[in-house]
Every structure is written in C-alpha cells, then in structure tokens.
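Each chain is listed here by its residues.
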Amino acid sequence: MLFHNSISKFPHSYDPDLGKEIVVSFPEFPLETQQLLMAAAGCSPYLKSLIEKEQDWLKYALDHPDECLAKEFEDLRIRPESSLTKVLRRSKRRIALWVAICDLGGILELEEVTKILSQFADLAVQLALNSAVRRQIIWGKIPGVPSNTDPDDLGMFVLGMGKMGAYELNYSSDIDLICLFDESRFEVADFHQVRCAFIAATKDMSAMLNDLTEDGYVFRTDLRLRPDPAVTPVCIGMEAAERYYEGRGRTWERAAYIKSRVVAGDIKAGAGFLSRIQPFVWRKHLDFAAIEDAHNMRLAIRDHKGLGGAISLAGHDMKLGRGGIREIEFFTQTRQLISGGRDKSLRSRQTVEGLQQLANNGWTPVETATVMSDHYRAHRTIEHRLQMINDSQTHRLPKSPEGFRRLAAMMGQEDGALRADIYRRLNIVHELSEGFFAGPVNALNVPKGHSDFQAVTDAWSNYPALRSDRALKTFERLRPEILNRLKAATKPQEAVIAFDGFLSGLPTGVQLFALFEAYPKLIDLLIDIVATSPALAQYLARNAQVFDAVIAGAFWDKWPGPEELIDELRTIFDTSAYYERKLDAARRWGKEWHFRIGVHLLRGLISAEEAGAQYADLAKTMIAGLFPEVIAEFSVKHGNPPGRGAVVLGMGSLGAGRLHSASDLDLIIIYDADGVEVSEGRRPLQARLYYARLTQALVTAVTAPMTEGRLYKVDMRLRPSGNQGPVATSWQAFTNYQETQAWIWEHLAMSRAGIVAGNTSLGQDVEAFRISLMGRNDTQAVKMALAQMRLRIARTKGMGEAWDIKDGAGRLQDIELISQLGRLLCGGAQRDVLSGLKGCVGSGVLNDAERTEIEAAYRLLWSLRVAVKLLGQSSVHRSHMGAGAARFLNTLTGHGTVEELHGDLARQSERVAEILNRVLPQVQDDNDER
C-alpha cells in the first residue's frame, strides 16, 4: 500500500512550531504524510523525540509500510545474544512510533493497534526468557540438563495475563506475567536447586524488560498476579499453583484467567496447566455468585482508589473510574463467568468479541453489547492518546484546560465537543453497569419486617429475566403464592435474599417460567425450599443447575441403591482424565444427590429413616469410589500398596448407616502389609509411612475445599489411641489393641463399625474380628462403663435444654449408647440402633415394654435431628422457626402443633432417662474401666 493514500484522519496540531521542525526532515514524502507527522510531533513531545531518534527507520517504514514490522521482528530474532538488551529497546521505540503514527492517521483500527503491541510484547518476553534460562543452563544451575538443551523444553513457561493475554495492550502498558515450571520434570532431591534457577531466570528476564537504561525500557513488568505473591517466589511450581487455585482461588483470579495464554517458554507445559485449571475458571453450572463478587470488587477498587462520587472530567480515571474501561470489562467478564462453564463459545479473551458472543447467544441484549463495544473502543482510544503524550502509564484525563486542549488536538476534535462526548459515554457505561451490578445487589438489602418485602420485589421487573412482556405476565401469575410462602419462611430475610439472588441471576425467564407452569412440582419445589429451608434455598440460589436434574425426570425416581450409585460414580471417573477433575466431578455429583435427598424429605417423599439411610449410602459410595482413585494416584509415585492393602472402616453413624445432611464421617484406616516392608515404586516408602500418607491423601481428597467445595469433614479420633495414635493402623496392631488395651467404650464404638472401602479379603477379616468382640458376658462391667460415660458427657455438655435433640438425659446420644450396650452384650453382626435395643432385651437389660418406649423416642428424636439439620438450624426452638419450618416438622413427626411436638419430646425423653437411670448403676466417680 501507499502510506499517504491510507491516511483517513488527521490530529490537530497543538504546537505547530514543533511540528514544522520535524517536517523539514521529510521533504520527499507527500503532503498528507507530512501533515500527519507534523500534527503528531506538535501534540506529543514523546512522539517528537521518537521521530528524531528513529528518523532513518521511519523513512524506511513509510516507504515499506507492509513489511517494516515483519522485518523488525525478524531482525530481533536473529540478533546476537550480547546485544539483546539494547536491541529490544530500539525495537520498542520503532514499534511504538509506527503504531502511534498509524493510529493517529486512522490507518490501523484499535484492535490492530493493540494486537501489534501485544505481539511485540510476546516476542520480547520470549527472547528475554530464552536468554535468561540459557544462562542458567550454561552456568550448570539446572541439575541433569546438558548445556545444549533448548531453554523452551525445560517445563518453565510464562503466562500473559490481562490485556497482554487478550492481545489488548495499550500504548504504555505494564505487562502482567505469571511464571511457573513443571516440577515433575525433575527429581525431588533437585527441586530446590531447580526452583532457584528458574527464580533467577525470571528475575533476569524481568530486569531485561523492565530496567531503565540510556536506551529506555521495553515493558514495565508486573509479576504480582501469581498465587499468594506476598509469600511466594516470582516463579513457582505448577502443582503448588494448582493446589492454590483449587483450594483458595478467588473470583477475581478466575476473571483474570479468562484472558490468560502461554506467551513464552515451554508451550506444551503451559497449555497443560491452563487445561487443568479450566474447572476453576469455568464452573460447570450457572454461577450467580460471580455477580456479587464482581460488584464487591468494583466497590473495593473505588474505595481503595478514592474514585467514588459523581463523574467529573478533570482528572477522571478512564480505566478505574465510574463509567470507565474496567466497568466494561467487569460487565463482560462477569457474564462470561456466569455462563461460560456451560457455553464454551463465550470464553473469548477479547472484550469486544466477548460482548458480541454474549449478545449472539442471548446472554445480553444486542443493543447493550453494541453500545458497550462502541464505548469500549472510544475509551481505549482516549487512553492511548493520553499515554502517547509522554509515554506515561496514565489513565487520568487532564486536570488543566491546556491539557484537555492537547488531548482534543490528538483526537482531531474541538475541546468542548470532546468533553461532551467523553462525559456522555462515561455516564452511559456507568448506568448500564450499575443496572447489572448495583441494581440486583441493592435489591438484596435485608428487609426489616415482612411489610418491607415491597422494597425488594419492586426491583424484580427490572431484572433481565422479566424484561419481556411474556415473561412478566407469566411470572405475575406465580408471584402471589411466592410472596405468601416467603413470608412464612424460617428466616424471611434470608429467604427473600435467596429467591431474589436466584431471580436476578437468570438471563432469560420466558422458558423457565413457562416450565414452572407446565411442571407444578418444579414451582412447588422452588417455593417449598425458599419458604422452609434457608440452607437449601442458599444452595439453590448458587446452583440453579439442579433444575436440569429435576426436569430430566430421574430426580423424582426411587432411590437407586448403593450398587447403582457406585456404578454411576465410576462412570464419571472414567470420563475424567485428571485426578483433580475426578475430585471435582465427585463433588458435583455428590452435591446433586445430596440435594435430591433433602428435597425428597422436604416434600414428604421419604421418611426421616429413609433419608438417614440414603445420606449414608451416598457417603459410603463416595468413599468406596474415591479410595481406588486415591490409591491409583498415590501409586504413580510410590508404587502399589504393600501387602494386602488397606480398608476404610466407617464408625459411628456412618458405620450404622444413618447420617443427616450435615454429618461428619468417622473413619479408621486399617492396613495389612503382610510382611512387605517397603513399597515398590519410583519413590518407595516404608509400609507404615506409605499407609500413613495414603490415609492423609484420602482425607485430603474428601475434605479439601476445591473448586466444587468439599465433600465431608472427616474425624479420625476413634482410631486406636485416638489422636495420639498413627493415622493408619496395621492389622496386627489393631487386633492386639482391641484384645488387650481397648477401653469398653471403644468396644461399644466397634458395635457400629462397618467396612466402607478397600481390600475385600482384609475387609472380611476385619468384620469377622469385629463380630468376635461382640457378645461379652461381663454385663455389670459394661453397664458400669456406660454409666460413667453418661456422667462424663453430662459434666461436659450439661443435662440438655427442653428442645435439645442429641445431648441431654434421655435424648439421642443416650439411646445410641444403650443400643450399643445391647449389641456388645448380645453379640451379632447388626449395627443399627433398633437391633441393639432388641439386644438389650435379649441380654436382660431391658424388658420389651421399655424397648418399645425407647424405640418410639428414638424415631421422634431422629426425625427431629434430620429435619433440623436440613433446615440449617442448631435447634428446634419455636422462636427460631417460621410457619413453613413448623409445618414441615409437624408433618414429619406426625404432630398437629409445635406445642404438641414439644410436649411429646419432653415426655418421651424423660421416660427414656428414667429407664436408663433404673437399668444402669448409679456412679459418683468415673473410675477407668477396661
């Protein structure tokens, strides 16, 4: 192309005299080109200095506009290593000059400008990193690496974040980088030395780009986006980074990774890392919580930077201020985070492209996306002009009239017209952003009383899901019942917040509301949850994907049973390539089933006893499915389990097959090395250490708060010697301890133990041994030990209040203890409470009438226990309940009023306490009894 023929606009020359000094050096070029150079120099002292320094190169570029950049890039790649620092700075001057001239003359569009700047940044980082790592290789700092090794094949890589990752660098950008390395490429013993080498290389790379020399600088480099930058080195291992994001990653870090890409180093290693953290960035289901998180980030930035208040042009921050660039980026990225987990087409790094995709797929109105895109381009152009003036990383509009006139000249506009245009655009962006963020958030203000619901519900018609006439009309037919049920909720404020959060996050409402009308169970389910259980309502507000399962139909089917559950979980594991993804998949799957059990109980489809059994089935399936996966992952480094392997023994309620929605898991790990002293693997371990670490790995797999949350809390205090003993117990040590050292209370606990996972042969041996411990004939000693346990519990936890369910005389814990006594005395393999009570009759501790009374009390207490946990409460005190919760409790327990329930609870508990006080000896001291 001919350069002068491509010029489509001209800046106004702010200082014509400066421009004339430049033009005399370019007499051979057409008038259009001279006018452009004169205006550029007259507006920007920085551009004037670049034209003077790179005059010869600029003349070459004006004569060869189609090839000048490619040649500059190629010259960089073949330069001598010794001159890299100087040559990079020269290239930066040339590219900055060429991009500015083409930008001011309208030859390049905004996206072309930012792409060229980003491509140069890529090349600069690649060359600087390659040089820095090569020096570490030559100096022998990386163990086991020959001197001729390609630096890009060592597992170290650099991620470009933010605008660099999106090819959106502005004219004077910092570059945000995260430097990582694949520690699995090296021996464990070499890890520290390798890490030190890569840290040194990162610092050298940063200095080569960042340091200001007589030739200037290349890019200001920011390494603070890495995990925990206050305490981590500038280059960290991939595994540590992955653990951080899985366990502690925040929403702003998820948003940052939308724009991330590998820009230098080992491309394959970097691509693998980005692939593995995709579940962290992109949640599988609609992520409504991202809206509130993003809104909080916006407010935090405003507070930190002092950018609150009305828009005033003088000194306004075009990036972080109201209506600025960051508002548009948050607007886009938040919508991407909400729905990008399901719709991969929304995962664009570029802001304008992301807005277009959101509009194309119906996640934002087309008009809104068009307007936001236009204002984004305008804001970025202003930003570029501000930075061209003095090559400063500024985003603030001038405070002085002279400064504004200079900016207007660079924009080719009059001062007044530019001011009016910027002000208009800032206000439009601010209004659109506030409508998305602050509107729904303000609507979440907690009402002071039921009469204040109107303040929240008035905002509903402005939500995206209710903006069409059809959706609004359908919803209005559902609205009265929704409001009535919300007012009867256990905690009306939380119920309103939960429902409002759910409604405000829906992108469209026509199909969903029509579905509510077509499937009454679905709308009834939503109302029941929000009006009765704040815990389930909160879950639903954050996990709208459960509607997928409800609509599919299987949600309402009968409980499948343990065999079908484990088959389904194993199928999910088979489709997940990586261990961490399997753990997240297990969490998603478990949450859906856990939610289903709660809903079935809430709707009266199952009894409290059935719910307890199903919660236990699910927990056992989780452990049974995960344990082989944990072993397989652990075996990669340390070899297969020595000997016969290990079993997971479920204790307490898990072993007895009776859990509630918030139960912890009591576990014991027993292993049999069978004479094998050391594992056979890449990193062999002694058998005892092997199983101890394997146990820790299992506990981590279950309890770690990953992207999808945690599965369960785990308690291992029931193992031999409690917290003082090893986390994994050998088969020989276990049998010896139980036969010679165990307290009676530990044998009582074994009456409820059951194998959950592990080696079949060892499991059969453990179960046979457990059964052999039952059937003791020292009835008085066992009764005395139980009486002392009750005394210690009473001293620790008190006698219990009127509404206590678990603790206190005659309450759930008392009944479970007397049941364990019956099983320990009578013998047998059964573990449940009711069979233990029958054992009390068989051993003469209770008569049949007393057993019947205790059974009735147990059923009532268990029903209350399951219900209270489902409601997310700690007690069933009448003052803590709304009408919906009270109705649920009365229905579940077969009572007409809460007062009747309370009276029955007190009466039955008192009777159980009387029976136990009669059949157990009275004790004053808690003498140790074996």
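Details of the structure are given in the entry above.
A short tour of the structure in this document, coming up. The shown structure was predicted, so the numbers you read here are calculated from the model rather than taken from an experiment.

Definitions and cut-offs
- Residues numbered from 1 in each chain as written.
- Predicted model: local features only at pLDDT ≥ 70, side-chain atom pairs only at ≥ 80, totals over all residues.
- Heavy atoms only, no water.
- Helix = DSSP H or I, 4+ residues; strand = E, 2+ residues; numbered from the N terminus.
- Buried < 20%, exposed > 50% of the residue type's maximum accessible area, 1.4 Å probe, protein only.
- Areas by Shrake-Rupley, 256 points an atom, 1.4 Å probe, with all protein chains shown as cover.
- Disulfide = S-S within 2.5 Å.
- Phe/Tyr/Trp six-rings, centres within 6.5 Å; stacked < 30°, edge-to-face > 60°.
- Lys NZ or Arg CZ within 6 Å of the ring centre and 35° of its normal.
- Core = buried A, V, L, I, M, F, W, Y, C linked by side-chain atoms within 4.5 Å.
- Axes fitted to C-alpha atoms, helices over the stretch in contact; angles between N-to-C directions.
- Parallel < 35°, antiparallel > 145°, perpendicular 65-115°, else oblique.
- Contact = heavy atoms within 4.5 Å.
- Nonpolar A, V, L, I, M, F, W, Y, C, P; charged D, E, K, R; others polar.
- Salt bridge = Lys/Arg side-chain N within 4 Å of Asp/Glu carboxyl O.
- 1 Å grid on protein atoms, 1.4 Å probe; cavity = no way out; pocket = protein on both sides within 12 Å on 5 of 7 lines; lining within 4 Å.
- Points joined across faces, edges and corners; volume = space filled by probe spheres on them.
- Pairing = 2+ DSSP bridges.

## Some points on the overall build of the protein chain
Along the backbone of the protein chain there are 42 helices and 10 strands. Of all 930 residues assigned to the protein chain, the portion counted as buried reaches 57%. When the accessible surface of the protein chain is split by element, carbon and sulfur atoms take 49% of a total near 38,200 Å².

## Let's talk about the state of the cysteines
Applying the stated criterion to the full structure yields zero disulfides. Unpaired in terms of disulfides, cysteine 235 finds its nearest cysteine sulfur in cysteine 179, a separation of 5.7 Å. Just so you know, cysteine 826 is unpaired, no disulfide at all, and the nearest cysteine sulfur is the one on cysteine 840, 8.8 Å from it. A relative accessible area of 42% places cysteine 826 in the partly exposed class.

## Quick word on the side chain of serine 909
In this fold, serine 909 is placed in helix α42 (residues 898-919). You can call serine 909 buried: its relative accessible area is 3%.

## As for unusual backbone geometry
Although it is not a glycine, tyrosine 167 sits at a positive phi angle of roughly 55 degrees. Non-glycine residue aspartate 391 carries a positive phi angle of around 55 degrees. When its relative accessible area of 16% is taken as the criterion, aspartate 391 is described as buried.

## Focus on the packing of aromatic side chains
Under the defined criterion, the tally for this structure stands at 19 aromatic pairs. With a centroid separation of 6.1 Å and 50 degrees between ring planes, the pair formed by phenylalanine 26 and phenylalanine 29 is classed as tilted. Its relative accessible area of 9% is what places phenylalanine 29 among the buried residues. Its end group placed over the ring of phenylalanine 331, arginine 335 keeps NZ or CZ at 3.7 Å from the ring centre. In this structure, arginine 419 is placed above the aromatic ring of phenylalanine 404, and the distance from its NZ or CZ to the ring centre is 4.0 Å.

## Structural notes on the nonpolar core
In this structure, Leu649, Ile818 and Leu821 are the most contacted members of the largest nonpolar core, which totals 120 residues. Core analysis: the next-biggest nonpolar cluster, separate from the first, contains 82 residues, Ile7, Leu104, Ile142 and Ile199 among them.

## Some points on the packing of helix α6 (residues 68-77) against helix α8 (residues 110-138)
For the pair α6 and α8, the least separation of the axes is 11 Å and the interaxial angle reads 10 degrees. Taken together, α6 and α8 sit at an angle that is classed as roughly parallel. Mapping the contact onto sequence places Leu69, Phe73, Leu76 and Arg77 in α6 and Ile116, Gln119, Phe120, Leu123 and Leu127 in α8. For the contact of α6 with α8, the residue count by class is seven nonpolar, one polar and one charged.

## Observations regarding the environment of leucine 892
Note that leucine 892 resides in helix α41 (residues 883-893). Along the sequence, leucine 892 and alanine 867 sit 25 residues apart, while their C-alpha atoms lie 8.0 Å from each other. Those residues in contact with leucine 892 that sit more than four places away from it in its chain are Leu601, Ala608, Ser863 and Ala867.

## Things to note about the pattern of salt bridges
Applying the stated criterion across every chain yields a total of 46 salt bridges. As a salt-bridge pair, glutamate 54 and arginine 94 come within 2.9 Å of each other at their nearest N and O atoms. One end of the pair, glutamate 54, is in the loop between α4 (45-53) and α5 (55-63); the other, arginine 94, is in helix α7 (residues 84-104), and 40 residues separate them in sequence. Of the residues examined, glutamate 54 reaches a relative accessible area of 5% and is grouped as buried. Among the salt bridges present, the one from glutamate 850 reaches arginine 918, with a minimum N-O distance of 2.5 Å. One end of the pair, glutamate 850, is in helix α40 (residues 848-871); the other, arginine 918, is in helix α42, with 68 residues separating them in the sequence. With a relative accessible area of 5%, glutamate 850 lands in the buried category. We classify arginine 918 as exposed; its relative accessible area is 52%.

## As for empty space enclosed by the protein
Going through the model one piece at a time under the given rule, you end up with eight cavities of 30 Å³ or more. The calculated volume of the largest cavity comes to roughly 70 Å³. Glu242, Tyr245, Glu246, Arg276, Ile277, Pro279, Phe280, Glu580, Arg581, Asp584 and Thr707 together form the lining of the largest cavity. Elements with a minimum of two residues in the lining of the largest cavity: α11 (238-248), α14 (278-281) and α30 (579-602). Its residues placed into classes, the lining of the largest cavity shows four nonpolar, one polar and six charged.

## So, the pairing of strand β7 (residues 665-672)
On any regular strand, side chains alternate: one points to one face of the sheet, the next to the other face. Within β7, seven of the eight residues are buried, which leaves it mostly tucked inside the rest of the structure. Pairing geometry for β7 and strand β8 (residues 714-715), over two bridges, is parallel. Counterpart to leucine 665 in the pairing with β8 is valine 714.

## A few points about the environment of glycine 403
Mapped onto the fold, glycine 403 is located in helix α19 (residues 401-411). A relative accessible area of 19% places glycine 403 in the buried class. Sequence separation of glycine 403 and alanine 314 is 89 residues, and the distance between their C-alpha atoms is 9.8 Å.

## Regarding the environment of arginine 693
Tracing the backbone through its elements, the reader meets arginine 693 in helix α33 (residues 687-703). Residue arginine 693 is classed as partly exposed on the basis of its relative accessible area, which comes to 36%. For the pair formed by arginine 693 and alanine 728, sequence separation is 35 residues and the distance between their alpha carbons is 8.6 Å. Filtering out sequence-adjacent residues up to four positions away, arginine 693 remains in contact with Phe634 and Leu685.

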